Amino acid sequence: MPVDVTWWGHATCTIEDSGVRVLTDPLFVRRFAHLRRRRGAVPPPQAAVAEAVLVSHLHSDHLHLPSLARLAPGTRLIVPYGASAAVPGLRALRRARRLRVTEVRAGDEVRVGAVRVRAVPALHDGRRLPVGPQRAPALGYVVEGEARTYFAGDTGLFDGMAEAVGPVDVALLPVGGWGPYLGHGHLDPARAAEALARLAPRSAVPVHYGTYWPIGLDGVRPHEFHAPGDEFVRQAAKRAPEVAVHVPAHGERVRPEAGR
């Protein structure tokens, strides 16, 4: 059954299912802190058009307030429980843009038109800052309409992952990051392929790689910036050969095979 996925770069995707547009972790800037966008144009204004926006966790490359400010008034924004308390700017933005903010925990479901969004666990440090209290969990989401599409956000492998996420048709999995090293609670191409073997979807799309890179490191092992997508394809062919892997370019729309 049809579902369209557009990858705008990093963890930002548009999922279109049953006439509903769902946007994930919007990041619509060329430069962010010490990072510079090295591939793909900054997403156009239509990328910010969605019935619902999913935020996986509070790190500022996933909950990016200036990018959320591009959303149309009245947009439904789904965030981890405790996000408004942990990020005062989110409360101000909610008032200024009249966003309909819904805070969720793993297991909660939100109906958005003809689709249902279910929050699922993630293994990742979801704090707003590198230090400070853990006020909100990191989450993934399953968007269920004609297909079931899993957006993992940022996560590592964890016990019971397949059971927690449930049956899915399409998996959007992070396979890299924004620097040459990945810390705890992330998937590299090999671990993402292992997640694919556990989840057993019909299709997969690698995300969260090859977009932002630290300024000044352009010439340092640059293959590590763009290689994770191709490496994920190789690893997936070994560990989950029955899964069709789609590797879109930035801004490209693909229709992964889905169905029940």
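Predicted model, so just to flag it, every value in this text is computed and none were measured.

**Student:** Please clarify how the packing of helix α5 (residues 189-199) against helix α6 (residues 223-239) should be interpreted in this entry.
**Tutor:** When two helices pack together, their arrangement is given by the angle between their axes and by how far apart the axes lie. At a closest axis distance of 8 Å, the pairing of α5 and α6 adopts a crossing angle of 40 degrees. Here α5 lies oblique to α6, going by the angle between them. Crossing geometry of α5 relative to α6 is assigned as right-handed. Facing P189, A190, A192, A193, E194, L196 and A197 of α5, the residues of α6 in contact are P228, E231, F232, Q235, A236 and R239. Each residue belonging to the contact of α5 with α6 can be placed in one class, and the counts come to nine nonpolar, one polar and three charged.

**Student:** Any chance you could explain the sheet that holds strand β14 (residues 203-207) here in plain terms?
**Tutor:** The pairing of strands in a sheet happens through backbone hydrogen bonds and is either parallel or antiparallel. Sheet architecture is open: seven strands sit in the order β9-β10-β11-β12-β13-β14-β16, paired in mixed fashion. Each of the sheet's edge strands pairs with one partner strand only, and the pair in question is β9 (109-112) and β16 (244-245). As defined by bridge partners, strand β13 (residues 170-174) adjoins β14 across five bridges and the pair is classed as parallel. Each residue of the ladder has a partner; that of L173, found in β14, is P206. Relative to the sheet, α5 contacts β12 (148-151), β13, β14 and β16, its axis offset from that of β13 by approximately 155 degrees.

Reading guide: rules and limits
Residues numbered from 1 in each chain as written. Predicted model: local features only at pLDDT ≥ 70, side-chain atom pairs only at ≥ 80, totals over all residues. Heavy atoms only, no water. Axes fitted to C-alpha atoms, helices over the stretch in contact; angles between N-to-C directions. Helix = DSSP H or I, 4+ residues; strand = E, 2+ residues; numbered from the N terminus. Parallel < 35°, antiparallel > 145°, perpendicular 65-115°, else oblique. Left-handed = near helix turned anticlockwise from the far one by under 90°. Contact = heavy atoms within 4.5 Å. Nonpolar A, V, L, I, M, F, W, Y, C, P; charged D, E, K, R; others polar. Pairing = 2+ DSSP bridges.

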